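Here are the chains, one letter per residue:
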Amino acid sequence: MPWLGREIFGPIRWPEADAREGFETEVKQRSLMVTHHPAKCLAQVVIVLSAALTGLSAMAQADEARAKKIVSGVCFVCHGAEGESSSEVFPRLAGQHWEYTAKQLSNFKTGKRKSTAMADMVAKLTPDEMVALGKYFEKQAVVVEPAKDQGLAAVGQYIFHNGNKFSSLAACASCHGADAKGTAALPRLAGQYAEYTAAQLQQFNKRERTNDNAVMHAIVSKMTPLEIAAVAEYLSGK
Ligand code: HEC
Ligand code: HEC
């Protein structure tokens with residue numbers, strides 16, 4: 001509104017009295033708004049907010065540095081410095097949802113999820129460190145290599161997206177997502193090593209994966225060895 005500036009900074013001729021009345025009211029309201037929200041007050045709010053944000057980001061940086069230190073001190077031997085993992089038997093952790101990772105670490109510590117390899121690794125971790133580790137791995141770039149056996153992966157692709165109506169096997173995609181990227185409560189499966197995925201499916205089947213296996217046990221108990229191998233192969237290249 002260009003005339004607003006002219007009224008404030010210099011005299012203005014206004015032809016219609018009623019329009020001028022409305023105009024004056026508007027100027028009054030605006031000046032009231034200005035007195036009620038002084039720049040000083042706004043500046044204070046900005047300072048408080050930015051201090052809070054700086055504090056938060058400093059904490060996040062400290063957490064990330066702590067996680068990095070733990071990973072480069074211990075975890076990297078098996079899971080790689082960036083969660084890419086050094087071998088098919090060690091799960092890839094890069095890109096995994098932090099909530100899921102933190103939960104598994106906590107379950108390894110309490111013994112709810114039994115694993116001889118992981119029990120010692122988590123013994124000294126605090127809940128904060130578990131969250132920091134989860135966030136560290138979630139941020140890392142996902143490495144995906146093409147599936148080695150494309151024919152087998154094609155069978156797996158069908159099962160993953162459609163399940164098997166002849167054995168009432170549910171489609172994996174219905175929970176883990178069509179892209180297999182999961183959610184905070186459901187693990188990401190895309191890009192995982194086939195050997196690890198197949199091993200976990202076998203563990204769910206035998207209830208050797210001791211934490212939260214009810215859903216996955218019901219699923220895998222309907223799978224044939226071919227379906228297990230095929231789905232694992234498909235996911236490795238997804
Ligand atoms: C000596 C090798 C080794 C080291 C070192 C190691 N891990 Fe593991 N990790 C494993 C194995 C093997 C498994 C699979 C366990 C199973 O059989 O279920 C695993 C599983 C996991 C899982 C579960 C992944 C999933 O998809 O469910 C997480 C999370 C994990 N490790 C994090 C860590 C962290 C964090 C560290 C460092 C503090 C670490 N690991 C150190 C071998 C290792
Ligand atoms: C009804 C929902 C549901 C369906 C359908 C489902 N899953 Fe799962 N799956 C889960 C849940 C929940 C977990 C996490 C268990 C936990 O928190 O420990 C899981 C975990 C897994 C894991 C462990 C991942 C890891 O990193 O260790 C694998 C592997 C897996 N599912 C594969 C599959 C495959 C393959 C299919 C299809 C044949 C399938 N799931 C179908 C709910 C489902």
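Chemist: Even after reading the chapter, I still don't get the overall build of the chain, so can you show me in this structure?
Modeler: Helices and strands together make up the secondary structure of the chain, namely 11 helices and 0 strands. When the elements of the chain are put in sequence order from the N terminus, they spell out α-α-α-α-α-α-α-α-α-α-α. Counting every position in the chain, which comprises 238 residues, the buried fraction comes to 25%. Considering only contacts in the chain between residues 6 or more positions apart, those separated by 24 or more positions represent 64%.

Chemist: Mind showing me how you'd approach the site of ligand 1 here?
Modeler: Close contacts around ligand 1 come from 19 residues, with Cys 75, Cys 78, Ser 115, Ala 117 and Met 121 the closest. In terms of residue count, the dominant contributor to the shell around ligand 1 is helix H3 (residues 39-79) (6 residues). Taken together, the residues of the shell around ligand 1 sort by class into 15 nonpolar, 4 polar and no charged.

Chemist: Whenever I open this one, unusual backbone geometry confuses me. Can you help?
Modeler: Backbone geometry follows two general trends: most residues other than glycine have a negative phi, and most peptide bonds adopt the trans configuration. If you check the backbone angles, Ser 168 has positive phi at about 45° while not being a glycine. With a phi angle near 35°, Asp 212 is a residue other than glycine that sits in the positive phi range. Along the polypeptide, Asp 212 turns up in the loop between helix H9 (194-205) and helix H10 (214-220).

Chemist: Can you help me understand the site of ligand 2 in this one?
Modeler: Neighbouring ligand 2 are 18 residues; Ala 170, Cys 172, Cys 175, Pro 187 and Asp 212 lie closest to it. Listing elements by their share of the shell around ligand 2, those giving two or more residues are helix H8 (173-176), H9 and H10.

Chemist: Explain the nonpolar core here, please?
Modeler: Taken as a class, soluble globular proteins show a tendency for nonpolar side chains to be buried jointly. Counting 20 residues, the largest nonpolar core has Leu 201, Ile 228, Val 231, Ala 232, Tyr 234 and Leu 235 as its most contacted members. Contributing elements (two or more residues each) for this core: helix H7 (150-162), H9 and helix H11 (225-236). When near neighbours in sequence (up to four residues on either side) are disregarded, Tyr 234 contacts Ala 147, Ala 153, Gly 156, Gln 157 and Phe 160. With 14 residues, the next largest nonpolar core counts Cys 75, Ala 94, Leu 105 and Ala 132 among its residues.

Chemist: I'm lost on the environment of Pro 146 in this one. Help?
Modeler: Relative to the elements of secondary structure, Pro 146 occurs in the loop between helix H6 (127-139) and H7. The exposure class of Pro 146 is exposed, given the 9 C-beta atoms found within 10 Å. In this structure, the C-alpha to C-alpha distance between Pro 146 and Ser 236, residues 90 residues apart in sequence, is 7.2 Å.

Chemist: I tried to follow H7 on my own but got confused; where do I start?
Modeler: Owing to its 3.6 residues per turn, the α-helix brings residues three or four apart onto one side. The terminal C-alpha atoms of H7 lie 18 Å apart, and with 13 residues this matches the ideal 18 Å at 1.5 Å per residue to within 8%. Ala 153, Gly 156, Ile 159 and Phe 160 are the residues of H7 that are buried. The buried residues of H7 occupy one face: seen down the axis, they fall within an arc of 120°. Seen from the buried face of H7, the exposed residues on the opposite side, beyond 90 degrees, are Gln 150 and Gly 151. Buried residues along H7 sit against H8 and H11. The positive-phi residue at the C-terminal boundary of H7 is Gly 163, with phi of around 70°.

Chemist: Before we go on, may I ask you to explain the confidence of the model for the chain in this structure?
Modeler: Looking at the chain as a whole, its pLDDT mean stands at 86, while 79% of the residues score no less than 70. Counting interchain partners and residues more than four positions distant, the pLDDT-below-50 stretch residues 22-28 has 3 contacts. Per-residue pLDDT stays below 50 along residues 30-35; that stretch engages in 0 contacts with residues further than four places along the chain or on separate chains.

Chemist: Help me understand the packing of H9 against H11, please; the structure alone is not making it clear to me.
Modeler: Relative orientation and spacing of two packed helices are given, respectively, by the angle between their axes and the distance between those axes. Viewed as axis vectors pointing N to C, H9 and H11 meet at an angle of 140°, and their least axial separation amounts to 8 Å. Considering their axes alone, H9 and H11 lie oblique with respect to each other. Between H9 and H11 the crossing geometry is right-handed. Together, Ala 194, Thr 197, Ala 198 and Leu 201 of H9 and Ile 228, Ala 229, Ala 232, Glu 233, Leu 235 and Ser 236 of H11 make up the contact between the two elements.

Chemist: It is not clear to me how H6 should be interpreted in this structure. Could you clarify?
Modeler: Here H6 is 13 residues long and its end C-alpha atoms lie 19 Å apart, about the 18 Å a rise of 1.5 Å per residue gives. If you check which residues of H6 are buried, you get Met 130, Ala 132, Leu 133, Gly 134, Tyr 136 and Phe 137.

Cut-offs applied
Residues numbered from 1 in each chain as written. Chains lettered and ligands numbered in written order. Predicted model: local features only at pLDDT ≥ 70, side-chain atom pairs only at ≥ 80, totals over all residues. Helix = DSSP H or I, 4+ residues; strand = E, 2+ residues; numbered from the N terminus. Buried ≥ 20, exposed ≤ 12 C-beta atoms within 10 Å, placed from the backbone. Contact = placed C-beta atoms within 7 Å. Near = placed C-beta within 6 Å. Nonpolar A, V, L, I, M, F, W, Y, C, P; charged D, E, K, R; others polar. Core = buried A, V, L, I, M, F, W, Y, C linked by C-beta atoms within 7 Å. Expected span 1.5 Å × (residues − 1). Arc of directions from axis to C-beta. pLDDT = per-residue confidence, 0-100. Axes fitted to C-alpha atoms, helices over the stretch in contact; angles between N-to-C directions. Parallel < 35°, antiparallel > 145°, perpendicular 65-115°, else oblique. Left-handed = near helix turned anticlockwise from the far one by under 90°.

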